[in-house]
Amino acid sequence: MLDLKNLEAFVWIARLGGFRAAAGRLNTTQPAISARIAQLEKELGVQLFNRGTRRVTLTLKGMELLDHAERMLTLQAELVHAVAESTTLRGLIRLGVAETIVHTWLSRLIERLHNRFPLVSLEIEVDTSIHLRNGLLAHDLDIAFMLGPVAEPDMRNHELSSYSMAWVASPSLDLPAGRLGLADLARYPVITFSRQTKPSVAIQQMFKRPGLPPLRFYGNSSLASIVRMTLDGIGISAIPPAVIERELAEGLLRLIPAEDPLPDLDFTICHPVDSDNPLVPIVADMALEIVRAQRHGAPTDKRHLSQTIQNENLTDRSDA
């Protein structure tokens, strides 16, 4: 019988292109990885890697083995997922998260995961979806909740959640009454997500219409910083109301009725198709359960937010 640890080392060398990278991924040493491959090659009686180049490549026999090895590791992960007791399951999940998720329901996921799998460790990376995508492709992350999908064929995507965006400002900001057009909004600095993100690109395109003044755009990778700048009256922001429910309820911020709708934020669960981490489907299922529960009554539901914004628009129109 082949040792699954040796097959695991083989698969990660093939994926990452080197013994050192595989050792880092498996939290071991390069000599230990080399020893596993030497044992595997001895058991099979074939050479699996071409070692003469800068990047380690598979031999023909190595290519033949890779598909079988990946299927064996996937089957092992499915077996563990199906029969292992939650209180004894160990492992590490490297989770990438867009900051909107952090400000809405991530803490519930962490609490549920800890209660069900107390021996599982969690590493969380909070970043823009662009960087999370790169982390997935480089196998630095096991799974990510991000603005997706990731189009590469070796990535699997599941619809997760959607949040409305709205124009938001401090009540201290001197805004015209009624629904505001782009020309009205362009009088103020626009504070939103980083320049290269999907919602940011869409907002910048909105303000490229003829006759509008140049846009003062304050892109920011920190959602908490965007909220702080908006509270301080530096400008108007384009963010999901779901992340500022307390500020809205206390009157510290207000929704701005606007003529032009903002794009929704559509989040996706993304992970490699060939993931052999049995914790990946568990975390994905938990996230979906939390989002489904949230849709059935929590105030961060997209339909609730859309109605809130619509009511705000009607109120301001009657005041005008």
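What counts, and where the lines are drawn
Residues numbered from 1 in each chain as written. Predicted model: local features only at pLDDT ≥ 70, side-chain atom pairs only at ≥ 80, totals over all residues. Heavy atoms only, no water. Core = buried A, V, L, I, M, F, W, Y, C linked by side-chain atoms within 4.5 Å. Buried < 20%, exposed > 50% of the residue type's maximum accessible area, 1.4 Å probe, protein only. Helix = DSSP H or I, 4+ residues; strand = E, 2+ residues; numbered from the N terminus. Contact = heavy atoms within 4.5 Å.

Draft legend 1. The nonpolar core, seen in detail. Of all hydrophobic cores here, the largest spans 63 residues; its most connected members are Trp 105, Phe 145, Trp 167 and Ile 236. At ten residues, helix 12 (residues 279-295) tops the list of elements feeding residues into this core. Setting aside anything within four residues of it in sequence, one finds Ile 236 in contact with Trp 167, Val 168, Ala 169, Leu 173, Leu 175, Leu 185, Tyr 188, Pro 189, Val 190, Ile 191 and Ile 256.

Draft legend 2. Region of interest: unusual backbone geometry. Pro 149 follows Gly 148 through a cis peptide bond whose omega is 5 degrees. Mapped onto the elements of the fold, Pro 149 is located in the loop between strand 5 (143-147) and strand 6 (155-163). Non-glycine residue His 139 carries a positive phi angle of around 65 degrees. As for its position among the elements, His 139 is in the loop between helix 7 (129-137) and strand 5. What makes His 139 buried here is its relative accessible area of 12%.

Draft legend 3. Structural context of the environment of Ala 98. Looking at the element boundaries, Ala 98 is found in the loop between strand 3 (91-97) and helix 5 (99-102). The exposure class assigned to Ala 98 is buried, which follows from its relative accessible area of 7%. For Ala 98, the contacting residues outside a window of four places in its chain are Asp 127, Ser 129, Leu 132, Phe 145, Met 146 and Phe 267.

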